[in-house]
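Examination of the molecular architecture
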Amino acid sequence: MSPQTPRGGRHPARRLALQTLFEIDFNRADARETWQRGAFRAGLTEDAAAFAWELVDGVLGHRKELDAEIAALAPEFPLDQMPKIDRNVLRIALFELRVSGDAPAAAVIDEAVELAKLFGSEASPKFVNGVLATAVGSGKRG
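Read on for a plain summary of the structure. On a predicted model such as this, the values are computed, not experimentally measured, just so you know.

Rules and cut-offs
Residues numbered from 1 in each chain as written. Predicted model: local features only at pLDDT ≥ 70, side-chain atom pairs only at ≥ 80, totals over all residues. Heavy atoms only, no water. Helix = DSSP H or I, 4+ residues; strand = E, 2+ residues; numbered from the N terminus. Rg over C-alpha atoms; globule rule 2.2 N^0.38 Å. Buried < 20%, exposed > 50% of the residue type's maximum accessible area, 1.4 Å probe, protein only. Contact = heavy atoms within 4.5 Å. Areas by Shrake-Rupley, 256 points an atom, 1.4 Å probe, with all protein chains shown as cover. Axes fitted to C-alpha atoms, helices over the stretch in contact; angles between N-to-C directions. Parallel < 35°, antiparallel > 145°, perpendicular 65-115°, else oblique. Nonpolar A, V, L, I, M, F, W, Y, C, P; charged D, E, K, R; others polar. Left-handed = near helix turned anticlockwise from the far one by under 90°. Salt bridge = Lys/Arg side-chain N within 4 Å of Asp/Glu carboxyl O.

With that out of the way, let us pick up the overall build of the protein chain. Check the secondary structure of the protein chain and you find 7 helices and 0 strands. Reading the secondary structure of the protein chain in the N-to-C direction produces α-α-α-α-α-α-α. Rg of the C-alpha trace for the protein chain: 14 Å, near the compact-globule value of 14 Å for 142 residues, within the 12% margin. Its C-alpha atoms give the protein chain principal-axis dimensions of about 45 × 30 × 30 Å. Burial status across the protein chain gives 44% buried among its 142 residues. Considering only contacts in the protein chain between residues 6 or more positions apart, those separated by 24 or more positions represent 74%. With the model as given, the accessible surface of the protein chain reaches about 7,500 Å², and the carbon-plus-sulfur share is 53%.

Once that is clear, we can look at the packing of helix 4 (residues 63–73) against helix 5 (residues 84–100). Packing of helix 4 against helix 5 leaves a shortest axis separation of 10 Å and a crossing angle of 110 degrees. As far as their axial angle goes, helix 5 and helix 4 are roughly perpendicular. Mapping the contact onto sequence places R63, L66, D67, E69, I70 and L73 in helix 4 and R87, L90, R91, L94, F95 and R98 in helix 5. Tallied by class, residues from the contact of helix 4 with helix 5 come to 6 nonpolar, no polar and 6 charged.

For the pair helix 6 (residues 105–119) and helix 7 (residues 124–138), the least separation of the axes is 8 Å and the interaxial angle reads 160 degrees. One way to sum up the angle between helix 6 and helix 7 is to call them roughly antiparallel. Judged by the twist between their axes, the crossing of helix 6 over helix 7 is right-handed. For the pair helix 6 and helix 7, the contacting residues are A105, I109, A112, V113, A116 and K117 in the first and S124, P125, V128, N129, L132, A133 and V136 in the second. Tallied by class, residues from the contact of helix 6 with helix 7 come to 10 nonpolar, 2 polar and 1 charged.

Before going further, it helps to examine the pattern of salt bridges. Taken as a whole and judged by the stated rule, the model has 10 salt bridges. Across the salt bridge formed by D102 and R10, the nearest N and O atoms sit 2.9 Å from each other. Of this pair, D102 sits in the loop between helix 5 and helix 6 while R10 sits in helix 1 (residues 10–27), placing them 92 residues apart in sequence. Residue R10 is classed as partly exposed on the basis of its relative accessible area of 32%. Residue R91 is joined to D25 by a salt bridge in which the shortest nitrogen-to-oxygen separation is 3.4 Å. In this pair, R91 is assigned in helix 5 and D25 in helix 1, connecting sequence segments 66 residues apart.

Written out as structure tokens, the structure is:
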């Protein structure tokens, strides 16, 4: 691996969190090991890697509540039939909106839509935006 300037910021951290959660969903991989490997490959700063782990660990710790909220917000899309990318983008965003709460809702939604555009299907960005707009509109916090 060639020397590179470590990448910081929340966008690469959210991207790593999504990739880690997707891999865990897909093959039941070890969360910490998957995250560490991804952080190394992405060349994240310590702070960005720590934020990514906070998201992964938080989503895994609150998955039941997050999934229940997703199911309530999108009843026409059963959770087990929802694309893994969409489901994990929503989990991360709802965790940030409901639990960690240190980023503005608009920023969280924008990031989620960007991740859906990057990794999801053509329909993913609109779906993610709609679900999260409904979540924010409901005003439920923590």
